[in-house]
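Okay, here's what each chain looks like letter by letter:
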Amino acid sequence: MNSDAAKEILSAYRSRDRDGADPIFHEALNQMESDSELKKWFEERQDLDRAIRGKLAGIEPPADLQAKILARIRGEKVRRLTLPPVWLAAAACLVLGGIALFYSTRQVESARFQEFKTDALAMVSVQGGPVLDLETPNLSETQTYLRNHQAPYDDALPSRLKSMETAGCRAFVWKQYPASLTCFRLPNGMFLHLVVINRDAMGDANIPVGLKSMGDWHVMFQQKDGMLLMWATRAPMDQLKQIVVKLGRKRVLGVQEVAGVQRGHLPERLL
Amino acid sequence: MRTELDLERIVSELYSPLYRFAFGLSRNETQAADLTQETFLILTKQQAQIRDITKIKSWLFTTLRREFLRGLRTQSSHPEVELQPEHQDQLVSDSGVLQASDAATVLEALAGVDESYRIVLELFYLADLSYKEIAATLDIPIGTVMSRLSRGKEQLRTLLAKTTATDKIIPPK
C-alpha cells in the first residue's frame with residue numbers, strides 16, 4: 001500500500017474506540033510505524049477532525065425536542081393500538097346498529113383534548129424531569145406559588161396526598177388558559193404529576209374516565225370544580241389507583257369499577 | 001419472530017446527531033427540528049418494514065435526507081419569497097442554536113465544499129457515521145465514500161484556512 005492509498009483509507013478513520021477494531025484500517029495504521037510523514041499527516045488530520053467535531057457540537061437541539069418526539073411517537077402508538085377496536089366497532093355497527101355506534105362515538109376524544117393530553121405528557125416526560133418554577137418539598141408552598149401566579153390548583157387534596165413531599169410546581173399557559181403542574185414524590189421515589197387546567201380549555205370534548213396506559217405512563221383524568229385534573233405517573237398502575245382513586249369518598253372503587261364505570265356512577269370528586 | 005423496536009432508546013441515542021445533520025442541511029432551527037420529528041414519526045409508522053434493525057441508524061439518516069430533498073422539491077414547485085443573504089445570516093445567528101460562532105464558521109466552510117463531497121462530510125462530522133454507514137445511507141460503494149472523504153476533507157481544510165478562525169481550527173504545523 002502506498003502512502004496516498006493509506007491516506008485515503010485513514011480519512012475515514014474516526015477514533016480508536018469507534019474504528020480501531022475494523023480490519024480495513026489495520027494495514028494503513030501499521031504503515032504509519034514505518035512512515036513518519038504519514039504519521040505526522042494522520043495526527044494533523046485527527047486534530048483537525050476533533051476540532052471540527054468540537055465546533056459542530058455547539059449545534060444543540062432545542063431543549064424540548066426529545067420530549068416532543070417521544071410524545072408524537074406515543075401518540076402514534078396509541079392511535080395504532082386503538083385502530084383495530086375502532087374497526088371492530090365499525091363492524092359491530094353494521095350488526096348492532098345505532099347502539100354500538102352510540103358507544104363507539106362516546107369514546108372519540110376531541111382533537112383539542114388529545115392535543116392537551118399529548119402536550120401535558122410531553123411536559124412531564126422530559127428527560128431528567130419537567131422544568132419547575134419552584135422546587136420545594138412543601139405542598140402548601142406550591143399552592144401559594146400557584147395562587148400568586150393565578151394558576152389553577154386543587155386546594156382540596158386528601159390528607160394522604162397532602163402528607164407527601166413535592167418536588168415543586170410550575171405555572172404555565174396552554175392555549176391562553178392558565179394551567180399548573182405539581183409534582184409529588186411517591187414513597188418508592190417515583191413521581192406523580194398533577195396537571196390542572198380550566199375545564200373550558202377543552203371545549204365540548206368528552207373527557208374519558210378511568211385509568212389509561214400511554215406507553216410506560218399511567219394517566220387518569222378528573223373533573224372537579226370547573227377544573228380538569230390530569231394525573232400521570234410511571235409508577236405501577238395499582239399505585240396510581242390507590243392514590244388517585246381513593247381521592248374520592250371513602251368507598252374504595254374496585255379495578256373493574258374504575259375502568260368501566262359510567263360517568264353517572266362515579267363519586268362526585270371523580271367527575 | 002421479529003421483536004418490536006425500542007423506539008424510545010433509539011430516540012434518546014440518535015435525536016441529537018439527526019438534528020445536527022438536519023441543521024447542516026437546512027441551516028434553520030425550526031426546519032431541522034421538524035425534519036427530526038418527522039423522521040422518527042416515519043420510523044414509528046414503518047418499523048414493521050425494517051428487516052435489519054442493525055441498519056436503523058443509516059435508515060434514519062437516509063429518511064431524513066429524503067424528506068429534506070422532498071421538501072426542497074415542494075418548495076421549488078411552490079416558490080417562496082427568497083431571503084436576502086444578510087437575512088439568511090440573521091436566521092442562523094439569531095436561532096440560539098449555535099452556541100458559538102465557531103460552528104457557524106465550520107458550516108459556512110462546509111457549504112463551500114463540492115456537493116458530492118459535502119454530503120459525505122456532513123454525515124461524517126455532523127452525524128458521526130462510519131464509512132460503512134455513510135455508504136449504506138447514500139447507497140454508494142465504500143471506496144467512493146473513502147475517496148470523497150479524503151478529497152472533501154482536503155477542500156474543507158483549504159476553505160477553513162481562508163476564514164478568520166483559521167488559527168483556532170487548523171492545528172499548527
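Just so it is clear, the model here is predicted, and its values are computed rather than measured.

### What to know about the overall build of chain A
Next, step 1: Scanning chain A for helices and strands turns up 11 helices and 6 strands.
Next, step 2: Look at the contacts in chain A between residues 6 or more apart in sequence, and 58% of them connect residues 24 or more apart.

### Digging into the overall build of chain B
Next, step 1: If you tally the helices and strands in chain B, you get 9 helices and 0 strands.
Next, step 2: In chain B, the succession of helices and strands from N to C terminus is α-α-α-α-α-α-α-α-α.
Next, step 3: Scored against the burial criterion, the 173 residues of chain B give a buried share of 37%.
Next, step 4: Counting only contacts in chain B whose residues sit at least 6 apart along the sequence, the fraction spanning at least 24 positions is 63%.

### Things to note about the interface of chain A and chain B
Next, step 1: Chain A puts 30 residues into the contact, and the matching count from chain B is 38 residues.
Next, step 2: Breaking the side of chain A that touches chain B down by element, the ones donating at least two residues are helix 1 (3-10), helix 2 (16-19), helix 4 (36-56) and helix 5 (65-96) of chain A.
Next, step 3: Here the side of chain A that touches chain B is composed, by residue class, of 13 nonpolar, 3 polar and 14 charged.

### Quick word on the environment of Lys 55 of chain B
Residue and element names in this part refer to chain B.
Next, step 1: Tracing the sequence through the fold places Lys 55 in the loop between helix 2 (29-46) and helix 3 (56-77).
Next, step 2: Taking the C-beta count within 10 Å as the criterion, Lys 55 has 15 such neighbours and is therefore assigned partly exposed.
Next, step 3: Counting along the chain gives 82 residues from Lys 55 to Thr 137, while the straight-line C-alpha distance between them is 9.3 Å.

### Side note on the packing of helix 1 of chain A against helix 8 (residues 142-162) of chain B
Next, step 1: Contact pair helix 1 of chain A / helix 8 of chain B: the axes reach a minimum separation of 8 Å and the direction vectors enclose 95°. Judged by the angle between their axes, helix 1 of chain A and helix 8 of chain B are roughly perpendicular. Residues Lys 7, Glu 8 and Ile 9 of chain A of helix 1 of chain A touch helix 8 of chain B, and the partners they reach there are Met 146, Ser 147 and Ser 150 of chain B.
Next, step 2: Residue composition of the contact of helix 1 of chain A with helix 8 of chain B, grouped by class: 2 nonpolar, 2 polar and 2 charged.

### Notes on the pairing of strand 3 (residues 191-198) of chain A
Two faces, one strand: in a regular strand the side chains alternate between the faces of the sheet.
All names here are of chain A.
Next, step 1: Among the 8 residues in strand 3, 6 count as buried, and that is most of the element.
Next, step 2: Pairing between strand 2 (residues 177-185) and strand 3: 7 bridges, direction antiparallel. Within strand 3, the residue paired with Phe 184 across the bridge is Leu 192.
Next, step 3: Two successive antiparallel strands, strand 2 and strand 3, enclose a turn made up of 5 residues, where Gly 189 displays a positive phi of approximately 90°.

### What about helix 10 (residues 237-244) of chain A?
Next, step 1: When we look at burial in helix 10 of chain A, the residues that qualify are Leu 240, Ile 243 and Val 244 of chain A. Down the axis of helix 10 of chain A, the sector holding all buried residues measures 80°, keeping them to one side.

### Let's talk about the confidence of the model for chain B
Residue and element names in this part refer to chain B.
Next, step 1: Per-residue confidence for chain B gives a mean pLDDT of 78, with 75% of residues at or over 70.
Next, step 2: Confidence over residues 78-100 falls short of pLDDT 50; this stretch has 21 contacts with residues more than four positions distant or in other chains.
Next, step 3: Note on the complex model: pTM 0.51, ipTM 0.75.

### Quick look at the sheet that holds strand 6 (residues 227-233) of chain A
Residues and elements named next belong to chain A.
Next, step 1: With antiparallel pairing, the 6 strands of this open sheet are ordered in space as 1-2-3-6-5-4. Two strands in the sheet have a free side with no partner beyond their single neighbour: strand 1 (166-174) and strand 4 (211-214). Averaged over all pairs of adjacent strands, the angle between strand axes in this sheet comes to 20°, irrespective of strand direction.
Next, step 2: As defined by bridge partners, strand 4 adjoins strand 5 (residues 217-224) across 4 bridges and the pair is classed as antiparallel. If you follow Leu 211 over to strand 5, its bridge partner there is Met 220.
Next, step 3: On top of the sheet, helix 7 (residues 111-124) reaches strand 1, strand 2, strand 3, strand 4, strand 5 and strand 6; it is set at about 45° to strand 6, its chief contact.
Next, step 4: Contacting strand 1 and strand 2, helix 8 (residues 139-148) crosses the sheet at an angle of about 20° to strand 1.

### A short note on the environment of Leu 65 of chain A
Next, step 1: Note on placement: Leu 65 of chain A falls in helix 5.
Next, step 2: For Leu 65 of chain A, a count of 20 C-beta atoms within 10 Å corresponds to the buried category.
Next, step 3: It is 9.3 Å that separates the C-alpha atoms of Leu 65 of chain A and Val 126 of chain A, two residues lying 61 residues apart in sequence.
Next, step 4: Once residues lying within four places of it in the same chain are set aside, the contact partners of Leu 65 of chain A are Tyr 15, Tyr 19, Ala 33 and Thr 36 of chain B.

### Description of unusual backbone geometry
Residue and element names in this part refer to chain A.
Next, step 1: We note that Gln 176 has phi near 70°; this positive angle belongs to a residue other than glycine.
Next, step 2: For Gln 176, the position within the fold is in the loop between strand 1 and strand 2.
Next, step 3: In the Ramachandran plot, Asp 225 falls in the positive-phi region, its phi being about 50° despite a non-glycine side chain.
Next, step 4: Examined against the element boundaries, Asp 225 turns out to sit in the loop between strand 5 and strand 6.
Next, step 5: Classification of Asp 225 as exposed rests on a count of 11 C-beta atoms within 10 Å.

### A short note on the pairing of strand 6 of chain A
Residues and elements named next belong to chain A.
Next, step 1: Of all the 7 residues making up strand 6, 6 are buried; the element is thus mostly covered by neighbouring parts of the structure.
Next, step 2: Note: strand 3 against strand 6, 7 bridges, orientation antiparallel. Following the sheet pairing, Leu 192 is matched in strand 6 by Thr 233.
Next, step 3: Two elements, strand 5 and strand 6, share 7 bridges in a ladder whose sense is antiparallel.

### Some words on helix 6 (residues 115-125) of chain B
Because the α-helix completes a turn every 3.6 residues, residues three or four places apart line up on one side.
Next, step 1: Of all the 11 residues making up helix 6 of chain B, 8 are buried; the element is thus mostly covered by neighbouring parts of the structure.
Next, step 2: Of the positions making up helix 6 of chain B, those classed as buried are Tyr 117, Ile 119, Val 120, Leu 121, Glu 122, Leu 123, Phe 124 and Tyr 125 of chain B.

### Regarding the packing of helix 7 (residues 131-138) of chain B against helix 8 of chain B
Residue and element names in this part refer to chain B.
Next, step 1: Where helix 7 meets helix 8, the axes come as close as 9 Å, and the angle between the chain directions of the two elements is 110°. The orientation of helix 7 with respect to helix 8, classified from their angle, is roughly perpendicular. Contacts between helix 7 and helix 8 pair Tyr 131, Lys 132, Ile 134 and Ala 135 from the former with Ile 142, Val 145, Met 146 and Leu 149 from the latter.
Next, step 2: Considering only residue class, the contact of helix 7 with helix 8 consists of 7 nonpolar, no polar and 1 charged.

Reading the values: rules and limits
Residues numbered from 1 in each chain as written. Chains lettered and ligands numbered in written order. Predicted model: local features only at pLDDT ≥ 70, side-chain atom pairs only at ≥ 80, totals over all residues. Helix = DSSP H or I, 4+ residues; strand = E, 2+ residues; numbered from the N terminus. Contact = placed C-beta atoms within 7 Å. Buried ≥ 20, exposed ≤ 12 C-beta atoms within 10 Å, placed from the backbone. Nonpolar A, V, L, I, M, F, W, Y, C, P; charged D, E, K, R; others polar. Axes fitted to C-alpha atoms, helices over the stretch in contact; angles between N-to-C directions. Parallel < 35°, antiparallel > 145°, perpendicular 65-115°, else oblique. Pairing = 2+ DSSP bridges. Arc of directions from axis to C-beta. pLDDT = per-residue confidence, 0-100.

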